[in-house]
Amino acid sequence: SSGGAPAAAPAVGDLGGPARIEPAADAGPAPAGPRGGAEAGEDEVTGTARVTVQDAPAAAASAGDAAPPASTGGGVRPGAPTGGVRPGAPTGGVRPAEPAPAPADTPADRGAQGGTSEARAVADAGPAASHTPTKAQPAEPATCDDLVALEAPAMMGQLGVGRRKCLEGRLAAASQQTMKNKISRVLIMDAQARGDKADWERLMKRHLEDIDRSDPDLCLTYAIHLSRGGVGRAHGVIRWADYALENKQKWSGNTYKKKVYALYKLRAVAANRLWQNAEKKYVEDRTDENEAKAVKYRGMAKDYAREWLDYARASGQDIKAPLSLCVSAAGNKEFCEG
């Protein structure tokens, strides 16, 4: 046995995650990690609300085009005198002409007047009540020449398929890493704002693996994202936390203290998960190989927990969790308190 039952890892949700990532001056905006979950620094990795912008519908046709002809039925009888005096009436007074009766809503009248009274009411209502089809909305622009102009739609997740394909083409054809960096960041922002976690992870991995890994904020954000995936991603968490620590000098003040603490914690928790998993396998199957892995990961957990504890003490931050993890992995307090 590798000795001692492993302690449960501290809740990763206690990590102080990164504040909203500001883009480098020459590299365009950098996104935060995807939202959701209960992992390290999650409350600090901010998202972008999705906003839907739609074109206004086209104006309806004018009322004059939709109005039916005025009614002519039911008024004065053909051949009737138009004067005000009725034939045969006494000459001692003039009787005014009687007003024409209102037309009856009969089938004959409907045919003569262009439809039912309901149809006439719709026609009389003007263009708002008509069923004139609106014009089709214009197709989304597919050009992607101006990266600065694309930042706003990208932050709202509204680049669209056409512009994303255009940017992918530009990125593949770009010869300068600086240009690849800027294009990649625009695509990452758009994926994050759309809430497409799978696409965001793909773009982040490509960016860090193939384009640029010198931004500690991006490395920290990606490490936090991987930490939500369980023990299977623990090695990735440690890797990208290490890359972020290599460039930690880009931070300063309280931001430096908070994010470096988070990175040490990410590594220690990931190593502790690897140890617990290896210890479990060794208990189930006591082979030399499983024992060697349990010993290896226990030593890793002990070292990373001690580094986390040392930084917590030096920076005046909480030492309870790192001390507990350190003592569990080391098997004694002397290693952690010395």
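Residues numbered from 1 in each chain as written. Predicted model: local features only at pLDDT ≥ 70, side-chain atom pairs only at ≥ 80, totals over all residues. Heavy atoms only, no water.

Enquirer: Talk me through the overall build of the protein; I want residue IDs and the actual numbers.
Expert: Within the protein, the secondary structure is distributed over 13 helices and 0 strands. In the protein, the succession of helices and strands from N to C terminus is α-α-α-α-α-α-α-α-α-α-α-α-α. Taking all 338 residues of the protein together, 37% fall into the buried category. Contacts in the protein between residues far apart in sequence, at least 24 positions, make up 66% of those at least 6 positions apart. (Helix = DSSP H or I, 4+ residues; strand = E, 2+ residues; numbered from the N terminus. Buried < 20%, exposed > 50% of the residue type's maximum accessible area, 1.4 Å probe, protein only. Contact = heavy atoms within 4.5 Å.)

Enquirer: If you had to explain the nonpolar core to someone new, which residues and values would you point to?
Expert: Among the nonpolar cores identified, the biggest contains 61 residues, and Leu167, Trp240 and Leu263 are the most heavily contacted of them. Here the element with the most residues in this core is helix α10 (residues 253-284); it accounts for 12 residues. When neighbours within four sequence positions are excluded, Leu167 is seen to be in contact with Cys144, Leu147, Leu150, Leu159, Ile183, Val186 and Leu187. (Core = buried A, V, L, I, M, F, W, Y, C linked by side-chain atoms within 4.5 Å.)

Enquirer: Can you break down the state of the cysteines residue by residue, with the values?
Expert: Evaluation of the coordinates by the stated rule reveals 2 disulfides. Each disulfide in the protein links cysteines that, numbered along the sequence, combine into the pattern 1-2, 3-4. (Disulfide = S-S within 2.5 Å.)

Enquirer: Explain the side chain of Asp190 to me, and be specific about the residues and the numbers.
Expert: In this structure, Asp190 sits in helix α6 (residues 177-194). Since its relative accessible area comes to 0%, Asp190 is described here as buried. At a separation of 3.3 Å, a polar atom in the side chain of Asp190 contacts the main-chain amide nitrogen of Gln158. Sequence-distant contacts of Asp190, defined by excluding residues within four places in its chain, comprise Pro153, Ala154, Gly157, Gln158, Leu159 and Arg164. (Polar contact = N/O pair within 3.5 Å; in protein donor to acceptor, adjacent residues only side chain to side chain.)

Enquirer: Can you explain the confidence of the model for the protein? Please cite residues and give values.
Expert: Per-residue pLDDT for the protein has a mean of 74; in total, 58% of the residues score no lower than 70. Helix α9 (residues 234-246) holds the highest mean pLDDT among the elements of the protein, 98, whereas helix α1 (residues 63-66) holds the lowest, 39. A low-confidence stretch, residues 11-94 (pLDDT under 50), is modelled with 143 contacts involving residues beyond four sequence positions or located in other chains. (pLDDT = per-residue confidence, 0-100.)

Enquirer: Break down the pattern of salt bridges for me, citing the residues and quoting the values.
Expert: Here the structure, examined in full by the defined rule, presents 16 salt bridges. Arg202 is paired through a salt bridge with Glu168; the nearest N and O atoms lie 3.9 Å apart. Here Glu168 lies in helix α5 (residues 160-173) and Arg202 lies in helix α7 (residues 197-211), a separation of 34 residues in the sequence. Using a relative accessible area of 42% as the deciding quantity, one classes Arg202 as partly exposed. Under the relative-accessibility criterion, Glu168 is labelled partly exposed at 24%. (Salt bridge = Lys/Arg side-chain N within 4 Å of Asp/Glu carboxyl O.)

Enquirer: I'd like to hear about the packing of helix α11 (residues 288-315) against helix α12 (residues 320-330), residue by residue, with values.
Expert: In contact at an axis separation of 8 Å, α11 and α12 are set at 150 degrees when each is read in the N-to-C sense. Classified by the angle between their axes, α11 and α12 sit roughly antiparallel to one another. Every pair of crossing elements has a handedness; the one defined by α11 and α12 is left-handed. Every residue of α12 that contacts α11 at Arg298, Ala301, Lys302, Ala305, Arg306, Trp308, Leu309, Ala312 and Arg313 is listed here: Ala321, Pro322, Leu323, Leu325, Cys326, Ser328, Ala329 and Ala330. Residues belonging to the contact of α11 with α12 are distributed by class as follows: 12 nonpolar, 1 polar and 4 charged. (Axes fitted to C-alpha atoms, helices over the stretch in contact; angles between N-to-C directions. Parallel < 35°, antiparallel > 145°, perpendicular 65-115°, else oblique. Left-handed = near helix turned anticlockwise from the far one by under 90°. Nonpolar A, V, L, I, M, F, W, Y, C, P; charged D, E, K, R; others polar.)

Enquirer: Tell me about the environment of Ala234, residues and numbers included.
Expert: Within the secondary structure, Ala234 sits in helix α9. Overall, Ala234 belongs to the buried group, its relative accessible area being 1%. Between the C-alpha atoms of Ala234 and Arg267, which are 33 residues apart in sequence, the distance is 8.3 Å. Aside from chain neighbours lying at most four places away, what touches Ala234 is Ala270 and Leu274.

Enquirer: Explain the packing of aromatic side chains to me, using residue names and the numbers behind them.
Expert: Applying the stated criterion to the full structure yields 4 aromatic pairs. Between Trp240 and Tyr243, the ring centres sit 5.0 Å apart and the planes meet at 40 degrees, which makes this aromatic pair tilted. One end of the pair, Trp240, and the other, Tyr243, are both in helix α9, 3 residues apart, so they sit about a helical turn from each other. The two residues Trp240 and Tyr243 agree in class, both being buried. Each ring, one from Tyr264 and one from Tyr311, has its centre 5.4 Å from the other, and the planes form 40 degrees; the classification is tilted. One end of the pair, Tyr264, is in helix α10; the other, Tyr311, is in helix α11, with 47 residues separating them in the sequence. We classify Tyr311 as buried; its relative accessible area is 13%. Chaining the aromatic ring pairs together yields one cluster made of Tyr222, Trp240 and Tyr243. Positioned above the aromatic ring of Phe335, the side-chain terminus of Lys302 is 4.9 Å from the ring centre. (Phe/Tyr/Trp six-rings, centres within 6.5 Å; stacked < 30°, edge-to-face > 60°. Lys NZ or Arg CZ within 6 Å of the ring centre and 35° of its normal.)

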